[in-house]
Amino acid sequence: MTRTAKRLREFYDALLERFGPQHWWPADSPFEVVVGAVLTQNTSWKNVEKAVARLAAAGALSPHAIDALPIEALAEIIRPAGYYNIKARRLQGLVRWMIADYGGDLERMKSAHPATLREQLLAVKGIGPETADAILLYALGVPRFVVDAYTFRVAARHGLLLPPADYDELQSLFEGNLAPDAAMFNEFHALLVAVGKEHCRKQARCEGCPLERFSHDPQADA
DNA sequence: GACCAGGCACATC
DNA sequence: GATGTGCATGGT
């Protein structure tokens, strides 16, 4: 086991002990996860929940229902999630791809080759690396490690990487040093967000942070 | 009233 | 290739 792999394991164990299981994406259906992945772009999950509830109330929590909605109506429904005009277009673009290539069937998507699926997702307007990986991991159970702003911040703050690092670099750091376990990737990412929110805030020092004792100078690994 | 939140595309240099 | 900006609601 490499030194990085060992440190990642220490991080994970420390975070799990401190915060417990996070139960992320407690959605009623995988499609709800897909919708949430788009709606949560740069947006708090609370607002996303409101928007998803409004979609459900409108009977629009399916690919074909979203496809059929006029774009203005869709935007109005998802309004609480913010950026509603652009997200309405992104959401409809995504479901139209799902329908065109997979009949709008997530089970069929699951049987596709993950790397192909990721490329196809990235080709949809409004689906970037994080949203694509969130869909792959949380909706389809593919072991892709989701990287977000918190992941960057926590990783930099605690010496996992030498900034600047890009998305693929940080993702490789996790995927290359952890067993490809979707449930664990899911939990680990949620735990990184938890510690990011509570301790590793933008300006503040990580006071009482459970990762403090594992922090070190990344130069030492170089 | 500023700042932040589970990003991404596009313009400009 | 790097850097800046628009997109928008709702909670602190």
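A look at the overall build of chain A
Part 1: What chain A contains, in helices and strands, is 12 helices and zero strands.
Part 2: Listed by position from the N terminus, the elements making up chain A come as α-α-α-α-α-α-α-α-α-α-α-α.
Part 3: For 222 residues, the compact-globule formula gives about 17 Å, and the C-alpha radius of gyration of chain A, at 18 Å, lands near that figure.
Part 4: The burial tally for chain A puts 32% of its 222 residues in the buried class.

Some remarks on the protein's contact with DNA strand C
Part 1: Taken together, Asn42, Thr43, Ser44, Lys46, Asn47, Arg79, Pro80, Gly82, Tyr83, Tyr84, Asn85 and Ile86 make up the full set of residues near DNA strand C.
Part 2: For the surface near DNA strand C, the secondary structure elements donating two or more residues are helix H3 (45–57) and helix H6 (84–102).
Part 3: No other element matches the three residues that H6 contributes to the surface near DNA strand C.
Part 4: Here the residues of the surface near DNA strand C are counted per class, giving four nonpolar, six polar and two charged.

Here's the deal with the environment of Glu130
Part 1: As for its placement among the helices and strands, Glu130 is situated in helix H9 (residues 129–139).
Part 2: Given 18 C-beta atoms within 10 Å, Glu130 falls into the partly exposed group.
Part 3: Through-space distance from the C-alpha of Glu130 to that of Ala37 is 8.7 Å; in sequence the pair is 93 residues apart.
Part 4: When sequence neighbours within four positions are dropped, the list of residues in contact with Glu130 reads Val146, Val147 and Asp148.

Quick look at the protein's contact with DNA strand B
Part 1: In the neighbourhood of DNA strand B, 24 residues make up the surrounding shell, with Gln41, Asn42, Gly128, Glu130 and Thr131 lying closest.
Part 2: At the level of secondary structure, the elements contributing two or more residues to the surface near DNA strand B comprise H9 and helix H12 (182–198).
Part 3: Ranked by residues supplied to the surface near DNA strand B, first place goes to H9 with five residues.
Part 4: In terms of residue class, the surface near DNA strand B is built from 10 nonpolar, nine polar and five charged.

Section: H9
Residues three or four positions apart in an α-helix share a direction because the helix packs 3.6 residues into each turn.
Part 1: Where burial is concerned, most of H9 is hidden: nine out of the 11 residues are buried.
Part 2: Along H9, the residues that are buried comprise Thr131, Ala132, Asp133, Ala134, Ile135, Leu136, Leu137, Tyr138 and Ala139.
Part 3: Residues of H9 that are buried make contact with helix H2 (30–39), helix H7 (106–110), helix H8 (114–123) and H12.
Part 4: A positive phi of about 75 degrees marks Gly141, the residue just after H9.

Describing helix H1 (residues 3–19)
Part 1: Its 17 residues place the ends of H1 24 Å apart at the C-alpha level, agreeing with the 24 Å of an ideal helix rising 1.5 Å per residue.
Part 2: Of all the residues in H1, the buried ones are Leu8, Phe11 and Leu15. Burial along H1 is one-sided: seen end-on, the buried residues are contained in an arc of 60 degrees. Facing away from the buried side of H1 by over 90 degrees, the exposed positions are Arg3, Lys6, Asp13 and Glu17.

Here's the deal with the packing of helix H10 (residues 149–157) against H12
Part 1: Packing of H10 against H12 leaves a shortest axis separation of 9 Å and a crossing angle of 70 degrees. Between H10 and H12, the crossing angle belongs to the class labelled roughly perpendicular. The hand of the H10/H12 crossing is left-handed. Seen from H10, the contacting residues are Tyr150, Thr151, Arg153 and Val154; seen from H12, they are His189, Leu192, Val193, Val195 and Gly196.
Part 2: By residue class, the composition of the contact of H10 with H12 is five nonpolar, three polar and one charged.

Cut-off values and rules
Residues numbered from 1 in each chain as written. Chains lettered and ligands numbered in written order. Predicted model: local features only at pLDDT ≥ 70, side-chain atom pairs only at ≥ 80, totals over all residues. Helix = DSSP H or I, 4+ residues; strand = E, 2+ residues; numbered from the N terminus. Rg over C-alpha atoms; globule rule 2.2 N^0.38 Å. Buried ≥ 20, exposed ≤ 12 C-beta atoms within 10 Å, placed from the backbone. Near = placed C-beta within 6 Å. Nonpolar A, V, L, I, M, F, W, Y, C, P; charged D, E, K, R; others polar. Contact = placed C-beta atoms within 7 Å. Expected span 1.5 Å × (residues − 1). Arc of directions from axis to C-beta. Axes fitted to C-alpha atoms, helices over the stretch in contact; angles between N-to-C directions. Parallel < 35°, antiparallel > 145°, perpendicular 65-115°, else oblique. Left-handed = near helix turned anticlockwise from the far one by under 90°.

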